[in-house]
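Structural description and commentary
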Amino acid sequence: MSDLDLLTQSLARSVKHWRAVRGFTLDVLAARAGVSRGMLIQIEQARTNPSLGTVVKIGDALGVSITTLLDYAQGPRVRVVPAEQAVRLWRTDAGSYNLLLAGAEAPGPLEMWQWRLMPGEHSDSDPHPAGTVELLHVTEGELTLTVDGAEYRVSAGASASFEANTPHTYGNTGDTPMRMIMAVSVPPVR
């Protein structure tokens, strides 16, 4: 079985599990996530490999991290994620990527990411639920962070935090690769 098949099956089990835990019908989850009922059925039956955006919307609607959705069997309180098991969810031909390093529920989803953006590339993000906070630390190059239309420069060694309930973009307008570590905290579903 391929890694993609394993992820698809894990996602199917997790979405079913967390939908049941939350007491959501397919229609309720579809409305909360802004995803069609048919898409949710395909995901829960492991018949499709949804986009990252769809997985994020479902995780946000369920109040769980992407890590939790892709790891249906919760282990002990300490979870070590070997480097080769980090999940790459986005990449470009030029060499930009993001890497989900670890995640937890604390009390809402908490994720830690590694990003690399090549010169001239960017990644847009839709607004997250109200109360979502992102913290980032640039380790190499310079990040051009745009939040709700306002642009901020974050140089190597600098950090930033922001409320992520508005559109935001991570960009590299420089001429060297940019690397950063980012944490995303989403409030629990009430």
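Because the structure is predicted, anything quoted here is derived from the model rather than measured.

A few points about helix H1 (residues 3-22)
- Here H1 spans 28 Å end to end across 20 residues, near enough to the 28 Å set by a 1.5 Å rise per residue.
- All of the buried residues in H1 are Thr8, Ser10, Leu11, Ala12, Ser14, Val15, Trp18 and Arg19.
- Those residues of H1 that are buried are in contact with helix H2 (26-33), helix H3 (37-44), helix H4 (52-62) and helix H5 (66-70).
- Immediately beyond the C-terminal end of H1, within one or two residues, lies Gly23, with a positive phi of roughly 75°.

Structural notes on the nonpolar core
- Membership of the largest hydrophobic core comes to 40 residues, with the highest contact counts inside it found for Ile58, Leu69, Leu136, Leu143, Tyr170 and Met180.
- Once residues lying within four places of it in the same chain are set aside, the contact partners of Met180 are Trp113, Gln114, Trp115, Leu136, His137, Val138, Thr139, Leu143 and Tyr170.

Quick notes on the pairing of strand E9 (residues 168-171)
- With burial as the criterion, each face of E9 is covered, one bearing His168 and Tyr170 and the other bearing Thr169 and Gly171.
- Bridge count between strand E4 (residues 122-125) and E9: four bridges; the pairing is antiparallel. The residue of E9 that forms the bridge with Ser125 is His168.
- Sheet topology places strand E6 (residues 142-147) next to E9; four bridges connect them, and they run antiparallel. Looking at the pairing, Leu145 lines up with Tyr170 of E9.

Notes on H3
- Within H3 the residues assigned to the buried category are Leu40, Ile43 and Glu44. One face of H3 carries all of its buried residues, which in axial projection span an arc of 95°.
- Considering only its buried residues, H3 is in contact with H1, H2 and H4.
- Once H3 ends, the next one or two residues include Ala46, with phi positive near 55°.

Regarding the environment of Thr144
- Mapped onto the secondary structure, Thr144 falls in strand E6.
- On the basis of relative accessibility, which here comes to 4%, the residue Thr144 falls in the buried class.
- Along the sequence, Thr144 and Gly171 sit 27 residues apart, while their C-alpha atoms lie 4.8 Å from each other.
- The residues contacting Thr144, other than those within four sequence positions of it, are Glu151, Tyr152, Arg153, Thr169, Tyr170, Gly171 and Thr173.
- Among the polar contacts made by the side chain of Thr144, one reaches the side chain of Thr173 at a distance of 3.0 Å.

Describing the sheet that holds strand E7 (residues 150-155)
- Ordered by their spatial adjacency, four strands build an open sheet running E4-E9-E6-E7, and the pairing between neighbours is antiparallel. In the strand order of this sheet, the two ends are held by E4 and E7, each with one partner. Averaged over neighbouring strand pairs, the angle between their axes works out to 15° when direction is ignored.
- Relative to E7, E6 is paired through six bridges, and the arrangement is antiparallel. Note on E7: the bridge partner recorded for Thr144 is Arg153.

Concerning the environment of Leu6
- Along the chain, the position of Leu6 falls in helix H1.
- Spatially, the C-alpha atom of Leu6 lies 9.6 Å from that of Ala46, the residues being 40 residues apart in sequence.

Thresholds applied
- Residues numbered from 1 in each chain as written.
- Predicted model: local features only at pLDDT ≥ 70, side-chain atom pairs only at ≥ 80, totals over all residues.
- Heavy atoms only, no water.
- Helix = DSSP H or I, 4+ residues; strand = E, 2+ residues; numbered from the N terminus.
- Expected span 1.5 Å × (residues − 1).
- Buried < 20%, exposed > 50% of the residue type's maximum accessible area, 1.4 Å probe, protein only.
- Contact = heavy atoms within 4.5 Å.
- Core = buried A, V, L, I, M, F, W, Y, C linked by side-chain atoms within 4.5 Å.
- Pairing = 2+ DSSP bridges.
- Arc of directions from axis to C-beta.
- Polar contact = N/O pair within 3.5 Å; in protein donor to acceptor, adjacent residues only side chain to side chain.
- Axes fitted to C-alpha atoms, helices over the stretch in contact; angles between N-to-C directions.

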